[in-house]
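Inside the fold
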Amino acid sequence: AQSVTQLGSHVSVSEGALVLLRCNYSSSVPPYLFWYVQYPNQGLQLLLKYTTGATLVKGINGFEAEFKKSETSFHLTKPSAHMSDAAEYFCAALRGGYSTLTFGKGTMLLVSP
Amino acid sequence: EAGVAQSPRYKIIEKRQSVAFWCNPISGHATLYWYQQILGQGPKLLIQFQNNGVVDDSQLPKDRFSAERLKGVDSTLKIQPAKLEDSAVYLCASSSNHGTANYEQYFGPGTRLTVT
């Protein structure tokens, strides 16, 4: 069965610092990969996705992620954190041809002034 | 376009009571999903509909949970009777069936259920 692992349940950064949220997947066949953000008392919003093609994917709000097949990773980055980035971030994987998403446990991003 | 609508937003019930949640997907989206998100965990798929047919309900506790999407548009998820461990946020999502767009799921705000 496919699984998604997010390293670190909480990540703290200062405003203006680099954001790095880690995600690894376990699958012999590279899946489609997604990052979602969830603000308090709201549903999940898609940040970016990787399906095929370019391995560096740009998303909304200045986030980007790089698919590395050799490392089975899809880490999320942003060069400079903003206070409004404070939220919970979920990495998810989807096997090609199926539409069932498998989510990681989430990483809470805390941004301090 | 209007997003995925869910109601109620919050519900508090006692164990052994029943509860129902409603979801209206984005117009034209053929696929509808119900997820359970327990505090501190990622969402877990309960059931997936394609139009009014069930595609995947392998993780739905069928002894107490039921869901329907009779006309292939809106959907209802029911729990009867509720247990303490059902306390969670129930998320509804929908997706289109067109090309790579069917890999993008759009989520509603969720219903936070507390069972006491």
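Up top is the structure.
Residues numbered from 1 in each chain as written. Chains lettered and ligands numbered in written order. Predicted model: local features only at pLDDT ≥ 70, side-chain atom pairs only at ≥ 80, totals over all residues. Heavy atoms only, no water.

**Quick notes on the overall build of chain A**
Applied cut-off: Here a helix means four or more residues in a row that DSSP labels H or I, a strand means two or more in a row labelled E, and each is numbered from the N terminus. Atoms counted for the radius of gyration: C-alpha only. Globule rule: 2.2 Å times residue count to the power 0.38. Classification of residues uses two cut-offs on accessible area relative to the type maximum, computed with a 1.4 Å probe and protein chains only: under 20% is buried, over 50% is exposed, and between them is partly exposed.
When helices and strands are tallied, chain A shows zero helices and eleven strands. Listing the helices and strands of chain A from first to last along the sequence gives β-β-β-β-β-β-β-β-β-β-β. For 113 residues, the compact-globule formula gives about 13 Å, and the C-alpha radius of gyration of chain A, at 13 Å, lands near that figure. Along the longest, intermediate and shortest principal axes, the C-alpha atoms of chain A span 40 × 30 × 20 Å. Counting across all 113 residues of chain A, residues that qualify as buried make up 45%.

**Quick notes on the pairing of strand β11 (residues 111-115) of chain B**
All names here are of chain B. Quick reminder of the rule: Being paired, for any two strands, means DSSP has found at least two bridges between them.
Because side chains alternate across β11, one face comprises the buried residues Thr 111, Leu 113 and Val 115, and the other comprises Arg 112 and Thr 114, none of which is buried. Across four bridges, the pairing between strand β2 (residues 10-13) and β11 is parallel. Bridge pairing in β11 links Lys 11 to Leu 113. With three bridges connecting them, strand β9 (residues 88-95) and β11 associate as antiparallel partners. Looking at β11, one finds that Val 89 is bridged to Arg 112.

**Things to note about the interface of chain B and chain A**
Basically, it comes down to this: Throughout, a residue-residue contact means that at least one pair of heavy atoms, one from each residue, lies within 4.5 Å. What counts as buried area is the accessible surface, traced by a 1.4 Å probe, that two parts surrender upon association, with contributions from both included. Should a side-chain nitrogen of Lys or Arg be within 4 Å of a carboxyl oxygen of Asp or Glu, the pair is scored as a salt bridge. Definition of a polar contact: a pair of N or O atoms within 3.5 Å, with one able to donate and the other able to accept a hydrogen when the atoms are protein atoms, and with sequence-neighbouring residues admitted only if both atoms are side-chain atoms.
Taken together, the contact pairs 22 residues of chain B with 21 residues of chain A. At the boundary of chain B with chain A, total buried surface from both sides reaches about 1600 Å², with 51% on carbon and sulfur atoms. By the criterion of area lost to chain A, the three top residues of chain B are Tyr 103, Glu 104 and Phe 107 of chain B, representing 35% of everything that side buries. At the junction of chain B with chain A, the criterion picks out one salt bridge. Put simply, Lys 49 of chain A and Glu 104 of chain B hold a salt bridge, and the shortest N to O gap is 2.4 Å. Remark: the boundary between chain B and chain A carries four residue pairs in polar contact (both at pLDDT 80 or more). The set of elements that each furnish at least two residues to the side of chain B that touches chain A consists of β4 (31-37) and β5 (44-50) of chain B.

**Remarks on the pattern of salt bridges**
One pass over the full model with this rule turns up five salt bridges over all chains. Between Lys 78 of chain A and Asp 85 of chain A there is a salt bridge whose closest N-O contact spans 2.8 Å. Between Arg 64 of chain B and Asp 86 of chain B there is a salt bridge; the shortest N-O distance is 2.5 Å. Here Asp 86 of chain B lies in the loop between β8 (75-79) and β9 and Arg 64 of chain B lies in the loop between β6 (53-56) and β7 (65-68), a separation of 22 residues in the sequence. Residue Asp 86 of chain B is classed as buried on the basis of its relative accessible area of 2%.

**Observations regarding the state of the cysteines**
Simply put, disulfide is the name for a covalent bond between the sulfur atoms of two cysteines. Note the threshold: Only a pair of cysteine sulfur atoms within 2.5 Å qualifies as a disulfide here.
One pass over the structure, following the stated rule, counts two disulfides over all chains. Disulfide partner of Cys 23 of chain A: Cys 91 of chain A, at an S-S distance of 2.0 Å. Taking the sign of the S-S torsion, -65° for the link of Cys 23 of chain A and Cys 91 of chain A, the bridge is left-handed. In this pair, Cys 23 of chain A sits in strand β3 (residues 19-26) while Cys 91 of chain A sits in strand β9 (residues 87-94), placing the two residues 68 residues apart along the sequence. Pair check on accessibility: Cys 23 of chain A and Cys 91 of chain A agree, each one buried. Disulfide pairing is shown between Cys 23 of chain B and Cys 92 of chain B; the S-S distance is 1.9 Å. On the sign convention where negative is left-handed, the bridge of Cys 23 of chain B and Cys 92 of chain B, at about -70° about the S-S bond, is left-handed. Taken as a pair, Cys 23 of chain B in strand β3 (residues 19-24) and Cys 92 of chain B in strand β9 lie far apart in primary sequence, 69 residues in all.

**Description of the side chain of Asp 85 of chain A**
Residues and elements named next belong to chain A. Considering the arrangement of structural elements, one finds Asp 85 in the loop between β8 (73-78) and β9. Asp 85 sits in the buried class, given a relative accessible area of 2%. If sequence neighbours within four positions are ignored, Asp 85 has contacts with Phe 63, Lys 78, Ser 80, Leu 109 and Val 111.

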